[in-house]
Amino acid sequence: MSIATMKCSLKKNSRASSITASIRSRGRFTAAARVARPAAYLLPPQYAPLAGLLRLQGVVVERLAAPWQGRVEAFTVDSLQAAPFVFEGHRTVTLSGGWAPRDAEIPSGWFYISTDQRAGVLAACLLEPSSEDGFGTWNYYDRELRRGAEAPVFRLRAPASVPRIGWERPAESAGLE
């Protein structure tokens with residue numbers, strides 16, 4: 001058993017106060033799988049709401065300013081299983097499958113998310129289709145997911161040499177469809 005100490009500062013009616021709490025934890029968390037972090041992820045333009053969620057978490061998101069051709073890794077779904085119960089408003093999905101390299105032609109406008117940034121590990125955790133707490137688990141890829149089909153995100157093992165422009169979440173992509 002371990003004990004963790006948290007200190008929180010609260011502000012109410014212009015008065016600040018601090019609370020210190022000790023929490024006993026019997027749990028140990030271990031990764032179900034370890035994945036080598038890619039250089040970047042590519043996400044299609046129709047996933048602007050997910051790009052917006054990444055931005056809200058502090059992830060730098062760019063858009064391709066020109067078409068790009070190159071080698072990507074695509075995740076093919078072998079199986080998907082929805083949880084038999086609703087949890088936090090979602091019927092979570094467990095995905096299994098595998099990544100395979102292939103050539104791709106990506107038009108301009110796709111989202112480019114480098115993992116060489118402060119929030120790069122978070123971006124990888126959210127974008128990996130089979131991540132235990134990523135967008136796939138929380139139903140954000142559901143419209144595209146079918147057994148034998150590719151998930152709607154590609155990985156890049158090396159940074160893409162293509163002009164990119166910064167992207168800020170526009171107001172219309174603030175909500176998820």
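To keep things clear, this report deals only with the structure shown in the data block.

The rules we used
Residues numbered from 1 in each chain as written. Predicted model: local features only at pLDDT ≥ 70, side-chain atom pairs only at ≥ 80, totals over all residues. Heavy atoms only, no water. Helix = DSSP H or I, 4+ residues; strand = E, 2+ residues; numbered from the N terminus. Buried < 20%, exposed > 50% of the residue type's maximum accessible area, 1.4 Å probe, protein only. Areas by Shrake-Rupley, 256 points an atom, 1.4 Å probe, with all protein chains shown as cover. Contact = heavy atoms within 4.5 Å. Polar contact = N/O pair within 3.5 Å; in protein donor to acceptor, adjacent residues only side chain to side chain. Phe/Tyr/Trp six-rings, centres within 6.5 Å; stacked < 30°, edge-to-face > 60°. Lys NZ or Arg CZ within 6 Å of the ring centre and 35° of its normal. Core = buried A, V, L, I, M, F, W, Y, C linked by side-chain atoms within 4.5 Å. Salt bridge = Lys/Arg side-chain N within 4 Å of Asp/Glu carboxyl O.

1. A closer look at the overall build of the protein
A count of helices and strands for the protein gives 2 helices and 9 strands. Reading the secondary structure of the protein in the N-to-C direction produces β-β-β-α-β-β-β-β-α-β-β. For the protein, buried positions account for 37% of its 177 residues. For the protein, the exposed surface amounts to about 11,200 Å²; the carbon and sulfur share of it is 50%.

2. As for the environment of R164
Positionally, R164 belongs in strand β9 (residues 164–166). Classification of R164 by relative accessible area gives partly exposed; the value is 30%. R164 sits 102 residues away from E62 along the chain, and the two C-alpha atoms are 6.1 Å apart. Contacts of R164, omitting those with residues within four sequence positions, involve E62, R63, L64, A65 and Y112. Looking at R164, its side chain comes within polar contact range of the side chain of E62, at 3.0 Å.

3. Here's the deal with the packing of aromatic side chains
In the structure shown here, the tally under the stated rule is 6 aromatic pairs. Relative to W99, the ring of F75 has its centre 5.3 Å away and its plane inclined at 65°; by these criteria the two rings are edge-to-face. Remark: W99 occurs in strand β6 (residues 93–106) and F75 occurs in strand β5 (residues 68–82); sequence separation between them is 24 residues. An angle of 85° between the planes, with centres 6.4 Å apart, marks the rings of F135 and Y141 as edge-to-face. Across the pair, exposure class does not vary: F135 and Y141 are buried alike. Grouping aromatic residues by their ring pairs yields a cluster made of Y47, F135, Y140 and Y141. The ring centre of F111 lies 4.2 Å from the NZ or CZ of R63, which sits over that ring. Sitting over the face of the ring of Y112, R164 holds its NZ or CZ atom 4.0 Å from the ring centroid.

4. Topic: the nonpolar core
The biggest cluster of nonpolar side chains holds 26 residues, and the ones touching the most others in it are L43, L54, V61, F111, I113, L127 and Y141. Only β3 (40–43), α1 (48–56), β5, β6, β7 (111–114), α2 (120–127) and β8 (150–156) provide two or more residues apiece to this core. When residues no more than four places from it in sequence are discounted, the contact partners of L43 are L50, A51, W110, F111, I113, L127, Y141, P152 and V153. Ranked by size, the runner-up nonpolar core spans 14 residues in total, among them V72, I106, W110 and V162.

5. Overview of the environment of F75
On the basis of relative accessibility, which here comes to 1%, the residue F75 falls in the buried class. Along the sequence, F75 and G97 sit 22 residues apart, while their C-alpha atoms lie 6.6 Å from each other. Those residues in contact with F75 that lie beyond four places of it in its chain are S96, G97, G98, W99, P129, S130, A149, E150 and A151.

6. Some points on the pattern of salt bridges
Think of it this way: side chains of opposite charge can pair up when their charged atoms draw near. Taken as a whole and judged by the stated rule, the model has 6 salt bridges. Beyond isolated ion pairs, a larger network of salt bridges with shared partners links E73, E128, R155 and R157.

7. Quick notes on unusual backbone geometry
A positive phi angle, near 75°, is found at N139, a position not held by glycine. Within the secondary structure, N139 sits in the loop between α2 and β8.

Any link to function would need more than the numbers given here.
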